[in-house]
Structure formats: structure tokens, C-alpha cells
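# Close look at the chain arrangement
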Amino acid sequence: MTTDETAAVDALERLGLSNYEAKVFIALQRLGTGTARDVYRVSEIPRSQVYGAAENLAERGLIEVQHSTPMQYRPVSLDEAEELLAERFASERDQAFDYLESVRERSEPGGEEREDIWSVDGEEHVTDRIEHLVRTAESRVVFGADSTDLVTESLRDALSDAEERGVEVAIVSEDSTVRALFEDGAMAVYASPENLRNERAARLVVVDDRAVLLSVLGDGDDREAAFWSESSGFATVLVEILTGWIESTVK
């Protein structure tokens, strides 16, 4: 097999096909229509294995079978195959995460306060965590960044989405170019107070009265590191301190 075909087989396996099923499906794309013998000739599959793989593909709705002598196989359209595999992937994903959610609910009794403080390393991972926190906001978000490099388009979209669904969003930065990114919209934009400025500080996020994230810059290419906490005593206290400092200084 060529490198591209090997990659395609690997990708189809990740979407739920077996190795033989993936190879039969690819072989039938070449043939258009073919018998088990035809598939065997254009693939590396033992002929005895073609029948079982083809039967499984037919059960998945990915190929059609003509019950002639010998049997003929042909693949459904690529658009239909893509849709079927996407639906199967989504179904498997939902089933897995529904179970994981039930496990979490059983292991974390409602209303129990935790004292968890978590760390995140790397700018991309910090951004992902910030976006998740912002998208779960119900009443208020305070976001701060020390440079436009740390305000990605997807993060701006998350902040805009929060503002559009009625969340109070405030942007705080000592960098005027960061503030300029948001000044044309309806969000409140402030220069950060002197007592919150630090050359190592990178980003700040406060969500409602329950979650907080602070990041700092270190050395190296992937230099940002953050700690965050949600629904904990630590988060509650730090949220009160940070919002108190900000509100008393900028308002």
C-alpha cells in the first residue's frame, strides 16, 4: 500500500472500521462494483476474509450487495458514507460521555464544596480553559490580558457570545491595543489598576462568583502557565479580592 492509502486505512479504523473492512471499502472505491475475487486482486486481504468484511460493511450501510452468482458489491456514495460514519462517531461519543457524566455525578455529590486548584501549561491549553469557563458564565465575566497575542479570535468569539446572551462582560488591560479590540462593542473596557499590574502577569479570568484563572509568563516558546479553581472556597475568596480591587480602582 502507498503511504496515503495506509493513512486512509488508519483513519477509517479510528472511525470504527476494522482493518479488513477499511481495505475492502477502499478497494471497492477503486472498482466501483466488484466480486470478492475482484476485491482480493486489488487489495492485500485474504480472499476468505473479504466475505466477512463485506457483510459487516453492508450491515453498516456502507456497501450494497447484489445476490447474484458470484455476489457483487458496490459502495454507497462518499457523501452517504461520510454521513453514516459521522453519525456513528457522534453516537459512540454521546454514549461514552453520557456514561462518564453519570460516573462523575455519582462521585461528586451535589452541593459539596471542593478545595481544588488546578494548573494548566501552554498558551493553547490555557486558552482552551479560559474559553470553557467563559462559555459556562451565567452572570458576569471579567477578562484581562497583557497583549493582543493572548486574545485569540475564538476567545473573542466566546466573550462576544457571553455578552450576547446577557452576561455582563468587562475587559481589563493596561495595553491600549487590547482594549481597542473591544471598544467598538457593548462590553465595558477598563485600564487595569496599578495594583494588579505585573510584568509576568499574562491573563486573568473571573466567572460569576465561582471560578477564577490567573496565568503568568515564563521562559521558552510555550511559556504561559496558569492556575484555576472553580466552585471552591479558594475560588470564592480570590474572586472577591480580585473583583473588589478592580471595581474600587476602575469604577
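Let us look at the structure shown here.

Let us now look at the pattern of salt bridges. Taken as a whole and judged by the stated rule, the model has 9 salt bridges. Here R60 makes a salt bridge to E21, at a shortest N to O gap of 3.5 Å. Remark: E21 occurs in helix α2 (residues 19–31) and R60 occurs in helix α4 (residues 47–60); sequence separation between them is 39 residues. Classification of R60 as partly exposed rests on a relative accessible area of 23%.

It is worth spelling out the packing of helix α6 (residues 123–135) against helix α7 (residues 153–164) at this point. Axis separation between α6 and α7 bottoms out at 9 Å; the angle between their running directions is 10°. By the angle between their axes, α6 is roughly parallel relative to α7. For the pair formed by α6 and α7, the contact residues are I130, E131, V134 and R135 on the first element and S154, L155, D157, A158, L159, D161 and A162 on the second. Classifying every residue of the contact of α6 with α7 by side-chain character gives 6 nonpolar, 1 polar and 4 charged.

Turning our eyes to something else, we now look at the pairing of strand β2 (residues 72–75). In regular strands, side chains alternate between the two faces of the sheet. Alternating positions in β2 separate cleanly, Y73 and P75 being buried on one face and Q72 and R74 remaining unburied on the opposite face. Across 4 bridges, strand β1 (residues 63–66) lies against β2 in antiparallel orientation. What sits directly across from V65, in β2, is Y73. In textbook terms, the turn of a hairpin is the stretch between consecutive antiparallel strands, and for β1 and β2 this stretch comprises 5 residues.

Right, let's get into a nonpolar patch on the surface. Together, F97, Y99, L100 and V103 make up a nonpolar patch on the protein surface, roughly 420 Å² of accessible area in all. Locating Y99 in the fold gives a position in helix α5 (residues 78–107). The exposed category is assigned to Y99, whose relative accessible area is 52%.

Definitions and cut-offs
Residues numbered from 1 in each chain as written. Predicted model: local features only at pLDDT ≥ 70, side-chain atom pairs only at ≥ 80, totals over all residues. Heavy atoms only, no water. Salt bridge = Lys/Arg side-chain N within 4 Å of Asp/Glu carboxyl O. Helix = DSSP H or I, 4+ residues; strand = E, 2+ residues; numbered from the N terminus. Buried < 20%, exposed > 50% of the residue type's maximum accessible area, 1.4 Å probe, protein only. Axes fitted to C-alpha atoms, helices over the stretch in contact; angles between N-to-C directions. Parallel < 35°, antiparallel > 145°, perpendicular 65-115°, else oblique. Contact = heavy atoms within 4.5 Å. Nonpolar A, V, L, I, M, F, W, Y, C, P; charged D, E, K, R; others polar. Pairing = 2+ DSSP bridges. Patch = residues over 30% accessible without salt bridge, like charges linked within 9 Å, V, L, I, M, F, W, Y side chains within 5 Å. Areas by Shrake-Rupley, 256 points an atom, 1.4 Å probe, with all protein chains shown as cover.

Remember, this is a structural readout, not a statement about activity or role.
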